[in-house]
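A look at the structure
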Amino acid sequence: MTEAIGRRERKKAQTRQSLADAALELFLEHGYDQVGVKDVADAADVSVTTLFKHFTSKEALVFDQDVDLEAALVAAVRERPPGRSVPQALREHLLLNQTRFAIHTADPRFADFTRLVQDTPALRDYSQRMWTRHETALARAIAQAVDAPDDDVSCVALARFALAARSLILQHPEPRRAADEAFALLEHGWAASHPSS
């Protein structure tokens, strides 16, 4: 029975990956607005119904690592080295994972992918909404890291402002400098309210 479940899960993961790969290839080649979900389903050799079992929307096809993004944000806080503050850990995480959606920075299509997202209003807006959805989980991880209540306003504020800083970093011609300046402000405020974290 376990083997059957394992096979079924692998098949689902393969279908999901095939859909994401087909979508990315079509969107990069033809443009996001020129490609329909039926085109993506056909390219992956599945039905449109199957596509929507794996992805809730056309935009979601581009950002297929949503769950992984949230887990990585939480891990950046929970697994930070001793002596590294929460804002410092988040700054490093954002710099190392500036886009990390459907394509890795080493992929030769990375620049085209980034341009696709930035130049397509629906994708840019979805990306921002997706990113800020992680605020609750990140705020909870920060609160746990500093032994504060889950609804601690300073933890929620740090989560919100750190997530919002991402768009500044992505849009700035010098991402590292933008991250340094934005997180210097966050670090100063955080250190004042949580001196030992």
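Residues numbered from 1 in each chain as written. Predicted model: local features only at pLDDT ≥ 70, side-chain atom pairs only at ≥ 80, totals over all residues. Heavy atoms only, no water.

Some thoughts on the overall build of the chain
Put simply, the rule is: Strands here are runs of E lasting at least two residues and helices are runs of H or I lasting at least four, both read from the DSSP assignment and numbered beginning at the N terminus. Only protein chains enter the accessibility calculation, which uses a 1.4 Å probe; a residue is then buried when its area is under 20% of its type maximum, exposed when over 50%, and partly exposed in between. Two residues form a contact once any of their heavy atoms are found within 4.5 Å. Computed by Shrake-Rupley with a 1.4 Å probe, the accessible areas treat only the displayed protein chains as cover when residues are assessed.
Regarding its fold elements, the chain presents 10 helices and zero strands. Starting at the N terminus and walking to the C terminus, you meet the elements of the chain as α-α-α-α-α-α-α-α-α-α. With respect to the principal axes defined by its C-alpha atoms, the chain has extents near 55 × 50 × 25 Å. The buried share of the chain, reckoned over its 197 residues, is 42%. Within the chain, contacts between residues at least 6 apart in sequence are counted, and of these 67% link residues at least 24 apart. Here the chain has roughly 11,000 Å² of accessible surface; of this, 52% comes from carbon and sulfur atoms.

With respect to the pattern of salt bridges
Rules: In what follows, salt bridge is the name for a side-chain nitrogen of Lys or Arg lying within 4 Å of a carboxyl oxygen of Asp or Glu.
Following the criterion strictly, the structure yields eight salt bridges and no others. Here Glu-92 and Arg-91 are joined by a salt bridge, their closest N and O atoms 2.0 Å apart. On the accessibility criterion, Arg-91 (14% relative accessible area) is buried. Residue Glu-181 pairs with Arg-177 through a salt bridge whose shortest N-O separation is 3.0 Å. You can see Glu-181 and its partner Arg-177 sitting in helix α10 (residues 175-193), four residues apart, about one turn around the helix.

Remarks on the confidence of the model for the chain
Short version of the rule: As a per-residue quantity, pLDDT reports the predictor's confidence and falls between 0 and 100.
For the chain, mean pLDDT is 87; residues scoring 70 or higher make up 92% of the total. Within the chain, the lowest mean pLDDT, 84, falls on helix α6 (residues 110-119), and the highest, 97, falls on helix α2 (residues 37-44).

Describing the packing of helix α5 (residues 86-96) against α10
Selection criterion: Whenever a helix is involved, its axis is fitted only over the stretch in contact; in every case the axis is a line through C-alpha atoms, and angles between N-to-C directions fall within 0 to 180 degrees. Roughly parallel refers to an angle under 35 degrees, roughly antiparallel to one over 145, roughly perpendicular to one between 65 and 115, and oblique to any angle outside these ranges. Two helices that cross are described as forming a left-handed crossing if the nearer one is turned anticlockwise from the farther one by less than a right angle, and a right-handed crossing if clockwise. In this classification, the charged set is Asp, Glu, Lys and Arg, the nonpolar set is Ala, Val, Leu, Ile, Met, Phe, Trp, Tyr, Cys and Pro, and all remaining amino acids, among them Gly, are polar.
At their nearest, the axes of α5 and α10 sit 9 Å apart, and the two run at 160° to each other. Judged by the inter-axis angle, α5 sits roughly antiparallel to α10. Crossing geometry of α5 relative to α10 is assigned as right-handed. Within the contact between the two elements, α5 uses Val-86, Pro-87, Gln-88, Leu-90, Arg-91, Leu-94 and Leu-95 and α10 uses Pro-175, Arg-176, Ala-179, Asp-180, Phe-183, Leu-186, Glu-187 and Trp-190. A breakdown of the residues in the contact of α5 with α10 according to their chemical character gives 10 nonpolar, one polar and four charged.

Topic: the side chain of Thr-120
As a reminder, the rule being used: By the criterion applied in these results, polar contacts are pairs of N or O atoms within 3.5 Å in which, for protein atoms, one can donate a hydrogen and the other can accept it, and in which residues neighboring in sequence qualify only through two side-chain atoms.
For Thr-120, the location among the structural elements is in the loop between α6 and α7 (121-132). A polar contact is formed between the side chain of Thr-120 and the backbone oxygen of Leu-116, at a distance of 2.6 Å. Beyond its immediate stretch of four places on either side in the chain, Thr-120 contacts Tyr-32 and Asp-33.

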